[in-house]
Amino acid sequence: ACTGIENIDEAITLLEQNNWDLVAAINGVIPQENGILQSEYGGETLHGPAYGPTSHSTASSSTPSSSSAFRHVVPSRQIVERQPRMLDFRVEYRDRNVDVVLEDSSTVGDIKHILENELQIPASKMLLKGWKTGDVDDSTVLKSLHLPKNNSLYVLTPDLPPPSSSHSGALQESLNQNFMLIVTHREVQREYNLNFSGSSTIQEVKRNVYDLTSIPVRHQLWEGWPSSATDDSMTLAVSGLTFPCHRLTVGRRSSPVQTREQSEEQCTDVHMVSDSDGDDFEDATEFGVDDGEMFGVASSALRKSPMMPENAENEGDALLQFTAEFSSRYGDCHPVYFIGSLEAAFQEAFYGKARDRKLLAIYLHHDESVLTNVFCSQMLCAESIVSYLSQNFITWAWDMTKEANRARFLTMCTRHFGSVVAQTIRTQKTDQFPLFLIIMGKRSSNEVLNVIQGNTTVDELMMRLMAAMEIFSAQQQEDIKDEDEREARENVKREQDEAYRISLEADRAKREAQEREMAEQFRLEQIRKEQEEEREAIRLSLEQSLPPEPKEESTESVSKLRIRTPSGEFFERRFLASSKLQVVFDFVASKGYPWEEYKLLGTFPRRDVTQLDPNKSLLEVKLYPQETLFLEAKE
């Protein structure tokens, strides 16, 4: 109604470009200086001429119009002067937060000058980050960025060293921070968003990327690491990465023929698959072997390398070979298998903070089962299953093909889950493999929620994973509550040991918080009252704009409508048969049932009258000579 845009695709595109900020999207089409809008949306007020036939009373009122009252613009000779719009910025720098309030006519440089006085840092040394529209320069006017009222920014000072007096504290803070690494796999043009703590090392990042891309660390070719990151043992906190987000690119290095000394050196890294069989499978595509050939007998017969070595001493090394062989057979799109022992997988899944805990999925592979290829290629490697497992599960795998590995897993199973579960797995026949075990950690024991056999479908597998997730989520909420209560008790105990001065400060902070809460409640109550007054004003305006009700003895054709409300009450009114359907909508809205919130439904036949053209007459939409309608709230 404001912009004249009727193409819904164009409207959605504009909203997406403005991060679904309605006022910013409208202002992007209609310049603010034309004074087109007068609405309150998300705490932002724009002034302009009023809408519709009641423009004089609306313009003189201090009550702002809601976005639901937008109507066609009526040109006005007198444009209301636009008041300056204030923007709030919370700027974070190291361990400080600075609040800045400016008019939207100010520039980015004005913010830096204020911060220069507050932080005692030259404006030329500051990098002001956090803009939703990307980087800006000092001369950029804030109004041109279409910012919301409340904004969060942060300051970077790469040219300034941290203060020496607090160097250890700043380093510890950096180690506790989380870095978001956006890693692009060059060959497949795929991005991975990986979270690492500042205490993680570059070597750990490369090993994790190996799990995702199946590119061994020795073959990884990186772009984007800072020049200061010269050693893989460095932590991310001191490597010079951009906080909180840093982009990297990885690809496979085209390696020449290696000497024996190089090969021996690479074999010393226990986290790499460096045996000759693994390399043969990495480069299998160069000899015409198709990874996607899941059902070919010749393809499976050529695979001589087992999924897992027999009698492997180290479970982590066995899992590394399993992951490499799995990628060689079924492609790179597969679950990210946890590299380590089953006990380590338990620690990762169950023994962190309650909010960080996940379910444990154990995949039991068997090469001699006829279901294995189909299950791995079509179910386990489906993108929906891979994505769901990576978000909600820690996935651990084991190969049950060899008898020694089978016996070793049954021993682990008995130790961790009990003899009943171990006996259940022991009695499974070969053709019932592969198996997928869903494990949930509890305080005293680990519970097996589900055992999924290989003869399933993608949809059934997803449903069973989601069902297990629902059970886990309920348990997790209880654990979070208990953990929060325990932390609250510990906080109370620590507070009791504080000095008298700190107790006074805590009391004062509590009073200020209560005052802010009361002020916030009062503000919300005022907003609610204003909204109710606004709705009432709109209703009265519609009631006054209705044409008079025709008399029963009128010579013109009259339609009598009987409307039933959701509460069971009825109200009746007569309308001229030539009246437009919009008049009925206005009448219903004047009774407190706006058509934006309620549907007007016919009885026989049942139809949604609000979907009809409001410009058609009652006679044209067959609401003549009489009709019974009922109101129903929209979903």
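Calculation rules
- Residues numbered from 1 in each chain as written.
- Predicted model: local features only at pLDDT ≥ 70, side-chain atom pairs only at ≥ 80, totals over all residues.
- Heavy atoms only, no water.
- Helix = DSSP H or I, 4+ residues; strand = E, 2+ residues; numbered from the N terminus.
- Buried < 20%, exposed > 50% of the residue type's maximum accessible area, 1.4 Å probe, protein only.
- Contact = heavy atoms within 4.5 Å.
- Areas by Shrake-Rupley, 256 points an atom, 1.4 Å probe, with all protein chains shown as cover.
- Axes fitted to C-alpha atoms, helices over the stretch in contact; angles between N-to-C directions.
- Parallel < 35°, antiparallel > 145°, perpendicular 65-115°, else oblique.
- Left-handed = near helix turned anticlockwise from the far one by under 90°.
- Nonpolar A, V, L, I, M, F, W, Y, C, P; charged D, E, K, R; others polar.
- 1 Å grid on protein atoms, 1.4 Å probe; cavity = no way out; pocket = protein on both sides within 12 Å on 5 of 7 lines; lining within 4 Å.
- Points joined across faces, edges and corners; volume = space filled by probe spheres on them.
- Domains from an automatic or database assignment.
- Core = buried A, V, L, I, M, F, W, Y, C linked by side-chain atoms within 4.5 Å.
- Phe/Tyr/Trp six-rings, centres within 6.5 Å; stacked < 30°, edge-to-face > 60°.
- Lys NZ or Arg CZ within 6 Å of the ring centre and 35° of its normal.
- Pairing = 2+ DSSP bridges.
- Polar contact = N/O pair within 3.5 Å; in protein donor to acceptor, adjacent residues only side chain to side chain.
- pLDDT = per-residue confidence, 0-100.

*Asks:* It is not clear to me how the overall build of the protein should be interpreted in this structure. Could you clarify?
*Replies:* When helices and strands are tallied, the protein shows 18 helices and 19 strands. The 635 residues of the protein split such that 40% are buried. Across the protein, every contact between residues at least 6 apart in sequence was considered, and the portion connecting residues at least 24 apart equals 63%. Working note: accessible area of the protein is about 36500 Å², and carbon and sulfur atoms make up 49% of it.

*Asks:* How do you make sense of the packing of helix H17 (residues 500-545) against helix H18 (residues 581-590) when you look at a structure like this?
*Replies:* Helix-helix packing: each pair is described by the crossing angle between the helix axes and the interaxial distance. One can describe the packing of H17 onto H18 by two numbers: an axis separation of 8 Å at closest approach and a directional angle of 135 degrees. It follows that H17 is oblique to H18 by the angle criterion. Viewed along their axes, H17 and H18 form a crossing whose handedness is left-handed. Contacts between H17 and H18 involve Arg539, Leu542 and Glu543 from the first element and Asp586, Ala589 and Ser590 from the second. When the residues that make up the contact of H17 with H18 are grouped by side-chain class, the tally is two nonpolar, one polar and three charged.

*Asks:* Explanation requested: the layout of surface pockets in the structure shown.
*Replies:* Once rolled over the atoms, a probe with the size of a water molecule shows which space is left empty. Here the second largest pocket defines a volume of roughly 1600 Å³. Lining of the second largest pocket is provided by 40 residues; of these, Leu194, Asn208, Val336, Lys358 and Ser390 occupy positions nearest its centre. Sorting the residues of the lining of the second largest pocket by element identifies strand S8 (190-197), helix H6 (202-213), helix H10 (315-330), helix H13 (383-392) and strand S12 (393-399) as the ones contributing at least two each. For the lining of the second largest pocket, the element with the highest residue contribution is S8, accounting for seven residues. Considered class by class, the residues forming the lining of the second largest pocket number 17 nonpolar, 13 polar and ten charged. If you count residues domain by domain, the lining of the second largest pocket takes at least three from each of domain 2 (172-252) and domain 3 (307-545).

*Asks:* Can you help me understand the nonpolar core in this one?
*Replies:* Looking at soluble globular proteins, one finds that nonpolar side chains tend to be buried together. Ranked by size, the top nonpolar core spans 58 residues in total, and within it Leu360 and Trp396 carry the most contacts. Leu360 has contacts with Leu342, Ala345, Phe346, Ala349, Phe350, Phe393, Ile394, Trp396, Leu437, Ile438 and Ile439, leaving out every residue within four places of it along the chain.

*Asks:* Help me understand the packing of aromatic side chains in this model?
*Replies:* For any pair of aromatic rings, geometry is given as the distance between the ring centres together with the angle between the planes. If you walk through the whole model with that rule in mind, you get 20 aromatic pairs. Relative to Tyr363, the ring of Phe326 has its centre 6.4 Å away and its plane inclined at 85 degrees; by these criteria the two rings are edge-to-face. Remark: Tyr363 occurs in strand S11 (residues 359-365) and Phe326 occurs in helix H10; sequence separation between them is 37 residues. The burial state of Phe326 is the same as that of Tyr363; both residues are buried. Grouped by ring-pair contacts, the aromatic residues Phe322, Phe326, Tyr330, Tyr337, Tyr363, Phe375 and Phe436 constitute a single cluster. One residue, Arg573, lies across the ring of Phe575, its end atom 4.9 Å from the ring centre.

*Asks:* Sorry if this is basic, but what is going on with the sheet that holds strand S13 (residues 435-441) here?
*Replies:* Within a beta sheet, neighbouring strands are joined by backbone hydrogen bonds and run either parallel or antiparallel to one another. Strand order across the open sheet formed by four strands is S12-S11-S13-S14, with mixed pairing between neighbours. A strand with exactly one partner marks an edge of an open sheet, and here the two such strands are S12 and strand S14 (446-452). On average, adjacent strands in this sheet sit at an angle of 25 degrees to one another, irrespective of strand direction. Pairing of S11 with S12, which is carried by seven bridges, proceeds in the parallel orientation. Counterpart to Tyr363 in the pairing with S12 is Ala397. Contacting S11 and S13, helix H12 (residues 372-380) crosses the sheet at an angle of about 145 degrees to S11.

*Asks:* What should I look at first to understand the sheet that holds strand S6 (residues 150-156) in this one?
*Replies:* A sheet is described by the order of its strands in space; here four strands give the open sequence S4-S3-S6-S5, paired in mixed fashion. Of all the strands in the sheet, just strand S4 (96-103) and strand S5 (127-129) have a single pairing partner and so form its edges. When strand polarity is set aside, the average angle formed by the axes of neighbouring strands in this sheet is 30 degrees. Relative to S6, S5 runs antiparallel, the two being bridged by three bridges. Directly across from Leu127, in S6, lies its bridge partner Leu156. Its contacts with the sheet place helix H4 (residues 108-119) against strand S3 (86-93), S4, S5 and S6, and it is angled at close to 140 degrees to S4.

*Asks:* Which parts of the structure should I look at to understand helix H2 (residues 22-29)?
*Replies:* One turn of an α-helix holds 3.6 residues; hence residues three or four places apart share an orientation. Considered for burial, the residues of H2 that qualify are Val23, Ala24, Ala25, Ile26 and Asn27. For H2, the N-terminal capping position is held by Asp21, with its side-chain oxygen 3.3 Å away from the main-chain nitrogen of Val23.

*Asks:* Help me understand the confidence of the model for the protein in this model?
*Replies:* One rule of thumb: low pLDDT means the predicted coordinates there are not for detailed reading. Averaged over every residue, the pLDDT of the protein is 78; residues scoring 70 or more account for 81%. Scored below 50 in pLDDT, residues 32-81 shows 85 contacts in the model against residues more than four places distant or in partner chains. Note on residues 255-303: pLDDT under 50 across the span, and 55 contacts to partners over four residues away in sequence or across chains.

*Asks:* Would you take a moment to explain unusual backbone geometry for this structure?
*Replies:* Glycine aside, the phi torsion of most residues is negative, and most peptide linkages are trans. In this structure, Pro244 follows Phe243 across a cis peptide bond, with omega equal to 5 degrees. Counting through the fold element by element, Pro244 comes out in the loop between strand S9 (220-223) and strand S10 (245-252). Residue Pro434 follows Phe433 across a cis peptide bond; omega there is -5 degrees. Inspection of the secondary structure puts Pro434 in the loop between helix H15 (419-426) and S13. The backbone of His146 shows a phi angle near 55 degrees, a positive value even though the residue is not glycine. Not every positive phi belongs to a glycine, and Ser214 is a case in point at roughly 65 degrees. Mapped onto the elements of the fold, Ser214 is located in the loop between H6 and S9.

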